[in-house]
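Below, each chain spelled out in residue letters.
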Amino acid sequence: RMSWQDHNETSTTDTDCDDQPRYGRRGSPYRSDRRGDAREDRKNHAGQGRRPTPAAQQAQAQANGRRPADNRRGGGYAKPDRAPDPVDVENGPRPQPGYEALKRRGGEVVDSVRQDVKPPSARDVFTVRDKGNASCRFMRATAYQVPCQPQLTARARVPLAVICCPFAEQLPTEDVVAVVDERPDGPVRCTNCRAFTNPFFTWLSQCRRGKCNLCEHTFEVPLDYQCDLDKANQRTDKLYRQELCRGVVDHPAPPAYTQDYNPAAPAALFAIDVSREAVASGLVAQVCASLRTLLAACRFTAFSVVTFDESVHFYSFEGMDARMVLMGDTEDPFIPVNSRAAFANPQKQEDLEKLERLLDGIPLQFQGTQITDPIGATAMSMAVELVGSRGGGQVTMVFGALPTGGPGALRCRPPVQVKGMPTGHDLATTHTQFYTGVTEKAVEETVAVDLLVAPAQDVNFEIATLSMATRRTGGDIYHYPQFFASRDGEQLHYDLSRVLTREAGYGCVVKLRVSQGLHVGNLIAPWPAEIEHVADGEDTKDESTFTVARLSSDASFSMLLQHLDTLGSLRSAYLQLACMYTDQQGSRRIRTTSLRLGVTSSVASVFRYLDCDAMATVFMKFYAHLAWTKEGSCAANVLVQDCVDIMHVYRFKVSQNPEASHLILPQAVKLLPLYLQAISKLRELQGSLDSKLVGLLRMFTLPVEETVKTLYPRVVPLMGQNENVAAPTGVEDYIHVPPSIQCSVNAVRSDGVYLVDPGQGPIFLTLGDQVASEVCEQLFGRVVTLECLGALTRSARPVLTSETEEGEAVALIVEQIRKFSTSKHFRPLVVANEQMLRSFLVEDALYGQLDYYAFLRHIHKMVTNKVE
């Protein structure tokens, strides 16, 4: 009996046939061979067609695992010993095995022009060619067929949302974002809704008038922007104007847009804790060594360093060498150096040498210090003020010890272990009002605040309080609990490299415009939406608009859409995200991202064009939002109920067999239950309160590509593979990588070796508890026991040897996995034990949560009860 049905098998209309083009899609392994069985089974049970003979009935019963009937009692099927299982988890939906051999550089090529085609899975390697519709790397929708009526949206129960990443990284095979030719009066815009010119504008009256695709308003086209139209009423210069043929472009901002803003090249400042604990753990030496190495690749033209213990030490670069200027007044702090003198340009050789000598001398100068109780809050306030005086930028606070001195001092507490998700009481961020003032100052000065927290001791670091400015300004948190330089130094180095070299926009003002009949209902992000000030009424939030100090390529946000009215006769719905920002050179630009979606009046079509990766990302961000604002334990229950509602609607409104006793999943979102049950099992949400808070903040801004890989990591077995492993594929320098296995303890062995790709952070090489010592010798070049290897991994990281074929093959596979990652963030290799491997097996019962099988049974039971 069939245990799973996809949408293609249960479609109710002719429009749901499986002849729609799909890029990057593979056929379901349990589709074609089960469709006939399901139809025959329904046919026989409905009494249609010829009844099978008793012999055929008994043979069929034995094949299905049932006891043959006794013909003397009338034949037919006998009652089974137990009811058939409604869930077949062994053959259930899972992501396709990854890392398959690519046939061309950059993977499959996808054109973004069509609105009736869903983007490829975020887990695949593909290249997007911008043909007018925005690339899914910059904007991804949960549904590519939008219901035409509010009632239809309410009936479908699926979230209408978009995940936006305005500065997403692209593959080298993809075109960079084009810059539009500058006009003296600025970009051509709709005079009604203020939408920017995009490929979906239409032109009338010999191009003297234009029609907006968002609000359908007709406006006069400026004389210098008019041109001839061809027979199809298309502009003859369409291919020569980037804004008319590409979905993502940059417009130079005219002076009129920057009257209230003084654009300047963003500055970068590192405030380093030099108290006793930070120096003794090796944190200061590691940070200074890494920064010195990375200065040559730094994208900033204004760079500064501040150190702090019981005082704040500024450095002036006016002379031949950097000169320390001490500020010890914690009650009435001030900046003792000129803002120009406090920054150096690492792209100039003279300034670069000054910075290198300064970073070489800081570890020596504070070596052996006995000063404790650093005044980190005061240092953060002064650093924000100094960068703000330069026009904005980013501040990276490096903490090696809890800031227990001066104003805003935090008290040292033992680590807080929270069972389950934290509650609102655990997330209280008002331990001191000092950080509230720092946050307001950072927002006003458009300064992003990053946190690098690396305590040597196992203490509660009050992340909830320290991260106030980080959350509000678009900053990031890098957490290294019980920091050990020889073990964590490599990861810290590459995190600092990411901070200094990634693409980002500063002083961002963001607005999402949508078609008539739609509006933005909610913004899901760590920062709040813009406040609309009404003269004769209460102030309200404009969820479609916000300002944030920085948006980087590692940051995304989600916006939920709602219906205001019917979409009428529209065949398409349009969205345009406009982000005005300052680039690394200090130029003010406007990046527009235009997306076209289809419109449908069929619930079946809505389900057919759902994007499971986007839905999982929205649900994870919503989970983080609930955990921050409400009781953490209710967040998982809300997601489960949403999943049940979706499955119930599909079963009752779309499926041809709603009375079936087995679980029915839509084809488009068949992986949604798998992703949802994995959210509460993430490693980032376990352990101490600080670790959970850092994990929640990361979930808020994680892009789609990294989200799906985080929810279901790729586990690659390295033992018992065929001869093609690590062999060249014939496409550039790509090699064959073993297919991944399911994330379950049933698929792994205690004597095996596995690579785990969790989507972000390090790549883990895990060794089973019973792995042979010869395997360790082949990988690391020496005979080591698991006990010695475990002690080594706690203080340092073993290195793969290149003297053996096995070690070289694993190194090539690791390098191949790095190439498949969209992010340019380097991912080091970490050797771990079997316990670490088990923490990634999200199909098992981890951390008190149900396993995948029990979760599916729970979903099926709730859907069945809801139907009844």
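Look up a bit, the structure's there.
These remarks concern the structure in this document. (Residues numbered from 1 in each chain as written. Predicted model: local features only at pLDDT ≥ 70, side-chain atom pairs only at ≥ 80, totals over all residues. Heavy atoms only, no water.)

This paragraph deals with the sheet that holds strand β16 (residues 447–453). One open sheet holds the 7 strands; their spatial order is β14-β13-β12-β11-β15-β16-β17, and the pairing between them is mixed. Two strands close off the open sheet at either side, each with one partner strand: β14 (323–327) and β17 (477–479). The mean angle between the axes of side-by-side strands here comes to 20 degrees, regardless of whether they run parallel or antiparallel. Direction of pairing for strand β15 (residues 393–399) relative to β16: parallel, over a ladder of 7 bridges. Considered in β16, the bridge of Gly393 is made with Val447. (Pairing = 2+ DSSP bridges. Helix = DSSP H or I, 4+ residues; strand = E, 2+ residues; numbered from the N terminus. Axes fitted to C-alpha atoms, helices over the stretch in contact; angles between N-to-C directions.)

All right, on to helix α6 (residues 283–294) then. Look at α6: 16 Å from first C-alpha to last across 12 residues, which is about the 16 Å you get at 1.5 Å a residue. Among the residues of α6, those classed as buried are Leu283, Val284, Gln286, Val287, Cys288, Ser290, Leu291 and Leu294. (Expected span 1.5 Å × (residues − 1). Buried < 20%, exposed > 50% of the residue type's maximum accessible area, 1.4 Å probe, protein only.)

With that out of the way, let us pick up unusual backbone geometry. Phi is mostly negative for residues that are not glycine, and the peptide bonds are mostly trans. At Arg194, a position not held by glycine, the phi torsion is positive, near 70 degrees. With respect to the helices, strands and loops of the structure, Arg194 is situated in the loop between β6 (178–179) and β7 (202–204). For Asn233, which is not a glycine, the phi torsion comes out positive at approximately 60 degrees. Tracing the backbone through its elements, the reader meets Asn233 in the loop between β9 (218–220) and α4 (242–245). Exposure remark for Asn233: the relative accessible area of 47% places this residue in the partly exposed category.

We now examine the sheet that holds strand β27 (residues 753–757). Think of a sheet as strands paired side by side through backbone hydrogen bonds, with each pair either parallel or antiparallel. Here 4 strands make up an open sheet; going across it, the order is β26-β27-β28-β29 and the pairing mixed. Of all the strands in the sheet, the pair left with one neighbour each is β26 (714–717) and β29 (829–832). Across this sheet, the average inter-strand angle for adjacent strands is 25 degrees, counted without regard to direction. When strand β28 (residues 763–767) meets β29, the two strands line up parallel, connected through 4 bridges. Residue pairing in the sheet places Phe764 in a bridge with Val830 of β29.

Another aspect to go through is the side chain of His313. Along the polypeptide, His313 turns up in strand β13 (residues 312–316). Take His313: its relative accessible area is 4%, and that puts it in the buried class. Among the polar contacts made by the side chain of His313, one reaches the side chain of Asp309 at a distance of 3.4 Å. (Polar contact = N/O pair within 3.5 Å; in protein donor to acceptor, adjacent residues only side chain to side chain.)

Glancing now at the pattern of salt bridges. In total, this model carries 33 salt bridges according to the counting rule given. Put simply, Arg140 and Asp613 hold a salt bridge, and the shortest N to O gap is 3.9 Å. Of this pair, Arg140 sits in strand β3 (residues 139–141) while Asp613 sits in helix α14 (residues 612–629), and the two are 473 residues apart along the sequence. Residue Arg140 shares its accessibility class with Asp613, and that shared class is buried. Note that Asp360 is salt-bridged to Arg292, the shortest N-O span being 2.9 Å. With Asp360 in helix α7 (residues 349–365) and Arg292 in helix α6, the pair connects residues that are 68 residues apart, well separated along the chain. Since its relative accessible area comes to 33%, Arg292 is described here as partly exposed. Connected through shared salt-bridge partners, Glu169, Asp450, Asp476, Arg498, Arg502, Arg550 and Asp554 make up one network. (Salt bridge = Lys/Arg side-chain N within 4 Å of Asp/Glu carboxyl O.)

Turning our attention to α7. If you check α7, its first and last C-alpha atoms are 24 Å apart, about what 17 residues at 1.5 Å a residue would give, namely 24 Å. What α7 keeps buried is the set Asp351, Leu352, Lys354, Leu355, Glu356, Leu358, Leu359 and Ile362. Here the buried face of α7 lies against α6, β12 (303–308) and β13. (Contact = heavy atoms within 4.5 Å.)

Moving on, we come to the pairing of strand β24 (residues 572–582). Two faces make up the sheet, and in a regular strand the side chains alternate between them. Taking burial as the measure, the 11 residues of β24 include 11 buried ones, the bulk of the element. The alternating pattern of β24 places Ser572, Tyr574, Gln576, Ala578, Met580 and Thr582 on one face and Ala573, Leu575, Leu577, Cys579 and Tyr581 on the opposite face, and all of these are buried. In this sheet, β24 lies alongside strand β18 (residues 504–514) in antiparallel orientation, the contact comprising 7 bridges. Within β24, the position partnered with Val509 by the bridge is Met580. Here 11 bridges tie β24 to strand β25 (residues 588–600), and the two strands are oriented antiparallel to one another. Bridge assignment links Gln576 to a residue of β25, and that residue is Ser594. Two successive antiparallel strands, β24 and β25, enclose a turn made up of 5 residues, where Gly586 displays a positive phi of approximately 90 degrees.

So, about the nonpolar core. By size, the foremost hydrophobic cluster in this structure holds 158 residues, and its most contacted members are Met397, Leu512, Leu551 and Phe557. The element contributing the most residues to this core is α14, with 12 residues. Excluding its chain neighbours within four sequence positions, the residues that come into contact with Leu551 are Pro166, Phe167, Ala504, Gly505, Cys508, Val510, Trp527, Phe546, Phe557 and Cys579. Counting 37 residues, the second largest nonpolar core, distinct from the first, contains Val284, Phe300, Val305 and Phe483. (Core = buried A, V, L, I, M, F, W, Y, C linked by side-chain atoms within 4.5 Å.)

Attention now goes to the packing of aromatic side chains. A full pass over the atoms with the stated rule returns 16 aromatic pairs. Ring centres 4.8 Å apart and planes at 80 degrees place the aromatic pair Phe167 and Tyr581 in the edge-to-face group. In this pair, Phe167 is assigned in the loop between β5 (161–164) and β6 and Tyr581 in strand β24, connecting sequence segments 414 residues apart. For Phe167, a relative accessible area of 0% corresponds to the buried category. (Phe/Tyr/Trp six-rings, centres within 6.5 Å; stacked < 30°, edge-to-face > 60°.)

Here we take up the side chain of Asp495. Looking at where Asp495 falls in the secondary structure, it is placed in helix α12 (residues 485–501). Nearest to the buried, unbridged Asp495 among oppositely charged side chains is Arg698, at 7.0 Å. Sequence-distant contacts of Asp495, that is, excluding residues within four places in its chain, are made with Tyr478, Tyr480 and His825. (Lys, Arg positive; Asp, Glu negative; His and termini not counted.)

Quick look at the packing of helix α8 (residues 376–389) against helix α9 (residues 434–444) now. It is at 10 Å that the axes of α8 and α9 come closest, and there the two elements cross at 15 degrees. Between α8 and α9, the angle falls in the class roughly parallel. For the crossing formed where α8 meets α9, the hand is left-handed. Along its contact with α8, which presents Ala377, Thr378, Met380, Ser381, Val384 and Glu385, the element α9 presents Phe434, Tyr435, Val438, Lys441 and Ala442. Here the residues of the contact of α8 with α9 are counted per class, giving 7 nonpolar, 2 polar and 2 charged. (Parallel < 35°, antiparallel > 145°, perpendicular 65-115°, else oblique. Left-handed = near helix turned anticlockwise from the far one by under 90°. Nonpolar A, V, L, I, M, F, W, Y, C, P; charged D, E, K, R; others polar.)

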